[in-house]
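Coordinates in review
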Amino acid sequence: MNRLDVRDLRTYFFLDEGIVKAVDGVSLHVGDQETVGVIGESGCGKTAMAHSLLRLTTQPGEVVHGNAMLTRKDGSRVDILALPPDSPDLLSIRGNEISMVFQEPMTSFSPVHTIGFQIGEMLATHTDLAPARIRERVVELMARVGISNPRQRFDEYPHQLSGGMRQRAMIAMALAAKPKIIIADEPTTALDVTVQAQILDLLKQLQREDDMSALYITHNLGIVAEEVDRVYVMYLGRVVETVSTDRLFARPLHPYTQKLLRSVPQPGRRVERLDVIEGSVPVPIGLPVQCGFYARCPAAMKGTCDTALPALTEVEPGHQVRCFLYGQETEPNDEWTAL
Ligand code: SF4
């Protein structure tokens, strides 16, 4: 049974200018102990999707449709998106069942509380540890994620730690209640390359030791190649291709995925110049019903790609693509299209 099953998730932002369809019908699943990646340029809806799963979307954004079935530690199933915002169930899911590692811990930690206090709060909320034991457990957690002098660091404030140490502290906080899924949103973007590698190794090791599943949100294809079993490529709020990581690098099919892969250096591939994806992701307000990549696609077919939205279609076992080059199936014109 999958740890997480997301079906037809739609998160829209209701602005004066119109409705921004940040996430527009995303379905994905994360298996037990599986590492799944979500990739795409900035503005493709990756982070909005991750926030929706933890119900962190704030006004004017709203999850307007979909379900996200979570298999809890005790084996019971719950639809996270159906829970009331103030439900105790939802509070217990955040941190206890699913945790998130954010890209810039400086803005995620409170600047006026010590690191140790903030990690301890997670334990106080989700465990029945006596207050006297919490400090000891926090020091153990800080040592486990490689924070040197954890007893001294316990009483330090976020600004007193380096970027790498802050990210380790964030991982300690995320793992404090032993969640079964960790969502890592660009976990190493703010770090230099050496520290990036250390943090990724640490996450991988902890994931293995605690039997966790992981969902990496990233635009870094190096992270995908190294860390991830299966990938979802997102463009304009939708999944445009999904397949195993090996297959993605060996045989990318969607023109957007092909462009993404050609735009970064790859071992064993000699090129004069790296490819660029012309243009930028359009703002998803009032767009015509057509392939979202039409304006930027080198293979676009006038009269086909600009007349309907291609459906996500299986082209080989475990490999789905949303493109008219691989099938003529279209998405239905439904109430969501009409918005
Ligand atoms: Fe390109 Fe057409 Fe495929 Fe869209 S459907 S990615 S425009 S070929």
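Parameters and conventions
- Residues numbered from 1 in each chain as written.
- Predicted model: local features only at pLDDT ≥ 70, side-chain atom pairs only at ≥ 80, totals over all residues.
- Heavy atoms only, no water.
- Helix = DSSP H or I, 4+ residues; strand = E, 2+ residues; numbered from the N terminus.
- Polar contact = N/O pair within 3.5 Å; in protein donor to acceptor, adjacent residues only side chain to side chain.
- Contact = heavy atoms within 4.5 Å.
- Domains from an automatic or database assignment.
- Buried area = accessible area lost by both parts, 1.4 Å probe.
- Salt bridge = Lys/Arg side-chain N within 4 Å of Asp/Glu carboxyl O.
- Nonpolar A, V, L, I, M, F, W, Y, C, P; charged D, E, K, R; others polar.
- Phe/Tyr/Trp six-rings, centres within 6.5 Å; stacked < 30°, edge-to-face > 60°.
- Buried < 20%, exposed > 50% of the residue type's maximum accessible area, 1.4 Å probe, protein only.
- Lys NZ or Arg CZ within 6 Å of the ring centre and 35° of its normal.
- Core = buried A, V, L, I, M, F, W, Y, C linked by side-chain atoms within 4.5 Å.
- Pairing = 2+ DSSP bridges.
- Axes fitted to C-alpha atoms, helices over the stretch in contact; angles between N-to-C directions.

This next bit is on the side chain of D5. Of note, D5 is situated in strand β1 (residues 4-15). At a separation of 3.2 Å, a polar atom in the side chain of D5 contacts the side chain of N2. The residues contacting D5, other than those within four sequence positions of it, are L28, H29, N67, A68, M69 and R77.

On to the domain arrangement of the protein chain. Domain assignment breaks the protein chain into domain 1 (1-86 + 183-195 + 211-339) and domain 2 (98-178). Across the interface of domain 1 and domain 2, roughly 1200 Å² is buried in total on both sides, 67% from carbon and sulfur atoms. It is L54, I183 and D185 in domain 1 that bury the most area against domain 2; as a group they hold 33% of the surface buried on that side. Connecting domain 1 to domain 2 are zero salt bridges. On the surface where domain 1 and domain 2 come into contact, there are six residue pairs in polar contact (both at pLDDT 80 or more). Mapped by element, the contributors of at least two residues to the side of domain 1 that touches domain 2 are α1 (46-53) and β7 (181-185). Of the residues forming the side of domain 1 that touches domain 2, the biggest block, three residues, is contributed by β7. When the residues that make up the side of domain 1 that touches domain 2 are grouped by side-chain class, the tally is 12 nonpolar, two polar and three charged.

To describe a pair of aromatic rings, you give the distance between the ring centres and the angle between the ring planes. Overall, the coordinates contain four aromatic pairs when judged by the stated rule. A centroid spacing of 4.6 Å and a plane angle of 55 degrees characterise the contact between Y235 and Y256, whose relative ring orientation is tilted. A residue pair is termed long-range when its members are at least 10 positions apart, and Y235 in strand β9 (residues 230-235) and Y256 in helix α11 (residues 255-262) qualify at 21 residues. For the pair shown, Y235 and Y256 are each scored as buried. Centroid distance Y235 to F293: 5.1 Å. Interplanar angle 80 degrees. Geometry classified as edge-to-face. In this pair, Y235 sits in strand β9 while F293 sits in the loop between α11 and β11 (313-316), placing the two residues 58 residues apart along the sequence. Exposure remark for Y235: the relative accessible area of 3% places this residue in the buried category. Since its relative accessible area comes to 2%, F293 is described here as buried. The ring of F154 has R135 lying over it, and the distance from NZ or CZ to the ring centre is 4.0 Å.

Looking now at the environment of P187. By the secondary structure assignment, P187 is in the loop between β7 and α8 (193-209). For P187, a relative accessible area of 0% corresponds to the buried category. Put simply, P187 and F102 are 85 residues apart on the chain and 5.9 Å apart in space, counted from C-alpha to C-alpha. Residue contacts for P187: discarding those within four places in its chain leaves V101, F102, Q167, L203, Y216 and I217.

Counting residues in hydrophobic clusters, the biggest one holds 92 residues, and the most contacted among them are M49, L53, I171, I183 and Y256. It is helix α7 (residues 163-175) that provides the largest number of residues to this core, a total of eight residues. No fewer than three residues from each of domain 1 (1-86 + 183-195 + 211-339) and domain 2 (98-178) sit in this core. The contacts of L53, once residues within four sequence positions are left out, are L4, V6, L9, A68, I80, I183 and L215.

Looking now at the sheet that holds β1. Sheet architecture is open: four strands sit in the order β2-β1-β4-β5, paired in antiparallel fashion. A single partner strand is all that each edge strand has here, and the edge strands are β2 (18-30) and β5 (77-79). Strand-to-strand twist in this sheet, taken as the mean axis angle between neighbours without regard to direction, amounts to 10 degrees. Bridging between β1 and strand β4 (residues 61-71) involves eight bridges; their strand directions are antiparallel. Along β4, the bridge assignment pairs R7 with N67. Running over the sheet, α1 touches β1, β2 and β4 and is turned about 110 degrees from β1.

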